[in-house]
Amino acid sequence: MRIVFIRWLVCFVIVMMLAGCGAVAHKEESEQVFDKPHEEMASKPLNPIALPFPEPEAVEDKALTPDIVYSILVAELAIQRSDLELAYSHYIYGASLSGDARAAQQATHIATSMRDMDRSVAAVEQWIVLAPNVLQARASAVMLHLQAEQLDSAVEHLVALVKISQALQQDGFMRAVAVVSRSGSRELALQAMQRLVDKFPDEQQAHYALALVAVATKQYAVAEKEIRSLLDTYADKAKIYILLSNVLHSQGDAEGAEQVLEKVLAEDSENRLLLTAYARILMESKKFGLAYAQFQKIEQQMPDDPDVLYTLGILSIELRQFTDARDYLQRLIDMGKGKRLGDATYFMGRTYEVEEQSDKAIPWYEKVSSGDYIVEARTRIARIIALSGDLNKAREMLQQMRAAMPHHSEPLFLAEGEILQEMGLYKEVVAHCGDALEQHPDSQALLYLRALSAASLNRLDILEQDLAKILLKNPDHADALNALGYTLADQTDRYQEALGYIQKAFALKPDAAAILDSMGWVQYRLGNYAEALRYLRQAMDKMPDPEVAAHLGEVLWISGKHEEAEGIWRNAAKQYPENRYLLDVMQRFIP
């Protein structure tokens, strides 16, 4: 009896306070109780519009009873005490008593945080009964029904979502894309969108939305079919052709992707979106000269765009047009702000370092204080110092950096090892990596570096041990597979075993020049000279490296093509006059 009296007294006091403040006070109090109001209502046009679903009786028209206030008060206290089950039950009960959708909304959020699917679905359905035209409620219903694998109910609410959005003069199909993309199930998301399109077969935006979801779920055949049906009629021609190009490129048809954009650019040559998309596709295909030309056109339209200037700077470096690169990067740096500032400063230093102007490179590296290349800039300085003859100073610098930046310890150890390797100090690399691996025992980069240096010392035991450790954790490490296969082919007679490793690497990276070189070398060791030449010529086309030239020349010479072999060797020797491996091969064969 005492408990009932206390409950009645609490509710009476609250009711009297609310009643004394009037309807406005009730509304303000409700907004404090419910922390997620229906923001969609604020997005409606000012002029009255016809929403597609009949609204229930307004909350303001219902009496605020002691039971309603008590239920909401208990729910709020339960949340503060982290008693979610109690909070859920009282919000649901409060919603049924009051007809206030915000109570059902809170119940939905609570059930979702509890990962209770049955309660979540029940709460969101009550929310929709009380607020049938609220987009947030419909979106929540779609996601929850998809997560519960209730496709029919999800599609019902997805259709409602589109209709409400259209009534509010919004793009319902793009909203549908955003909602299903968060559902967690790619397969059901695509099925839901396909069913949605069946409900709106004449809506072009519905087909476009389906194409987007198909791309996101990697169902490229579905996406391409929908896109091609829109090519001649879709209002935004640039957008639809760009999407088709992306789909073709994702399916491995780089040439087709380029041709699609070339066709539409012939009709609209100054369209910035098309030019940018075309340039990006060309960059991914490593057609840097063509990409550079497209970005120059974009730069004429957007001369002060930092991303355009940065991209032109990087492409200029790729094309070894270092003066142009510095012009673009300097314009970006002169702006004095932006996320690319630190990166642009770093690449200014790189242009000078590549041109062997170390005295100009170092000051730029020292200025790098933001961006992705802070550590890299410091390690470049150390490399320059080491190659200038002061290895001890460079190593001391890197050791001090490791002490100052322990979270960058691994890449700094790696940088020091790479400097030693570049200087041909293979014993020091093995010792250094041993020390580094004590702190970073699972570092695949350090294991790989030590393995390569061990190969140069003919320490096959260390190489096999380190590469085996990498492949145990990462069996698809193409570089490790290739290094192991090549070394076995080069330093042992385990040719079939070597071939197996290289074939695995080739399957993972069929266009990698180093792997093509290894494949050619193992075929040579196996006595398959024609196959060896085929792979080595491909490697030479992709990477005119002195070691590849040495391999190709040797196979040509053994095949009786002495003149061609000598020509390849001598051309390579002009470019790399101090390459020991190439010179040794030439001395073995040329009288």
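As shown above, the structure is provided for reference.
The residue count restarts for each chain, going from 1 along the sequence in the order it is written. A pLDDT threshold of at least 70 governs which residues receive local features in this predicted model, and a stricter bar of 80 or more applies before side-chain atom pairs are shown or counted, although totals over entire chains, interfaces and linings include all residues. Side-chain calculation: all heavy atoms of the structure are included, whereas hydrogens and water are not.

Moving on to the overall build of the protein. Only DSSP runs of H or I reaching four residues or more are called helices, and only runs of E reaching two or more are called strands; each is numbered from the N terminus. The secondary structure content of the protein amounts to 33 helices and zero strands. Taken across its 591 residues, the protein has 46% of its residues classed as buried. A fraction of 51% describes how many contacts in the protein between residues 6 or more apart in sequence connect residues 24 or more apart. The protein chains shown are the only cover counted for residues, whose accessible areas, like all others here, come from Shrake-Rupley with a 1.4 Å probe. Within the structure as shown, the protein displays about 30,100 Å² of accessible surface, and the carbon and sulfur contribution to it stands at 51%. Between the averaged position of the 60 positive side-chain charges in the protein and that of its 84 negative side-chain charges there is a distance of 1 Å. The buried label goes to any residue with under 20% of its type's maximum accessible area, the exposed label to any with over 50%, and the partly exposed label to all in between, with areas taken from a 1.4 Å probe on protein chains only. Contacts between residues were defined by any pair of non-hydrogen atoms, one from each residue, lying within 4.5 Å. Positive residues here are Lys and Arg, negative ones are Asp and Glu, while His and the chain termini are left out of the count. Where a charge sits is defined by one atom per residue type, namely NZ (Lys), CZ (Arg), CG (Asp) or CD (Glu).

Here the focus is helix α7 (residues 135–147). Multiply 1.5 Å by the residue count of a helix minus one, and that product is the helix's expected span. The terminal C-alpha atoms of α7, which comprises 13 residues, lie 18 Å apart, in line with the 18 Å expected from a rise of 1.5 Å per residue. Counting buried positions along α7 yields 12 of 13 residues, so the element is predominantly enclosed. Leu135, Gln136, Ala137, Arg138, Ala139, Ser140, Ala141, Val142, Met143, Leu144, His145 and Leu146 are the residues of α7 that are buried. Immediately beyond the C-terminal end of α7, within one or two residues, lies glutamate 149, with a positive phi of roughly 60°.

Once that is clear, we can look at the pattern of salt bridges. When a carboxyl oxygen of Asp or Glu is within 4 Å of a side-chain nitrogen of Lys or Arg, the pair counts as a salt bridge. A full pass over the atoms with the stated rule returns 29 salt bridges. Note that arginine 402 and glutamate 416 form a salt bridge whose closest N and O atoms lie 2.7 Å from each other. You can see arginine 402 sitting in helix α22 (residues 391–404) and its partner glutamate 416 sitting in helix α23 (residues 409–422), a full 14 residues away along the chain. In this structure glutamate 416 comes out as buried when scored by relative accessible area, which is 2%.

Let us look at the packing of helix α11 (residues 204–216) against helix α13 (residues 237–250). An axis is simply a line fitted to the C-alpha atoms; with a helix, the fit covers only the stretch in contact. Between two such axes, the angle follows the N-to-C directions and lies from 0 to 180 degrees. Two elements in contact, α11 and α13, have axes separated by 11 Å at closest approach and are oriented at 25°. It follows that α11 is roughly parallel to α13 by the angle criterion. Crossing of α11 against α13: the hand is left-handed. Contact residues: Tyr208, Ala211, Leu212 and Val215 in α11; Lys239, Ile240, Leu243 and Val247 in α13. Orientation labels follow simple angle bins: below 35 degrees gives roughly parallel, above 145 gives roughly antiparallel, 65 to 115 gives roughly perpendicular, and whatever is left gives oblique. For any pair of crossing helices, the crossing counts as left-handed if the nearer helix is rotated counterclockwise from the farther one by less than a right angle, and right-handed if it is rotated clockwise.

Attention now moves to the environment of asparagine 246. Along the chain, asparagine 246 falls in helix α13. By relative accessible area, asparagine 246 is classed as partly exposed at 37%. Each C-alpha atom, one on asparagine 246 and one on glutamine 126, is 42 Å from the other, the two residues being 120 residues apart in sequence.

The residue glycine 172 is located in helix α9 (residues 172–180) in this model. For glycine 172, a relative accessible area of 2% gives the class buried. Residues glycine 172 and leucine 583, 411 residues apart in the sequence, show an inter-C-alpha distance of 69 Å.

Moving on, we get to the packing of aromatic side chains. Centre distance and the angle of the planes are the two values used to describe a pair of aromatic rings. Stacked, tilted and edge-to-face are the three classes applied to pairs of Phe, Tyr and Trp rings, where Trp contributes its six-membered ring and a pair requires centres within 6.5 Å; stacked means planes under 30 degrees apart, edge-to-face means over 60, and tilted covers the rest. The full count for this structure, using the stated rule, is 14 aromatic pairs. Aromatic side chains tyrosine 346 and phenylalanine 347 sit 5.0 Å apart centroid to centroid with 75° between the ring planes, which places their arrangement in the edge-to-face category. For the residue pair tyrosine 346 and phenylalanine 347, the accessibility class agrees, reading buried in each case. A centroid spacing of 5.0 Å and a plane angle of 45° characterise the contact between tryptophan 521 and tyrosine 524, whose relative ring orientation is tilted. Of this pair, tryptophan 521 and tyrosine 524 are both found in helix α29 (residues 513–525), three residues apart, which corresponds to roughly one turn of the helix. By the burial criterion, tryptophan 521 is buried, and tyrosine 524 matches it. Charge over a ring is defined by NZ of Lys or CZ of Arg lying within 6 Å of the ring centre and within 35 degrees of the ring normal. The ring of phenylalanine 53 is capped by arginine 138, whose NZ or CZ atom sits 4.6 Å from the centre of that ring. Seen from the ring of tyrosine 352, arginine 326 lies directly overhead, with NZ or CZ sitting 4.2 Å from the centre.

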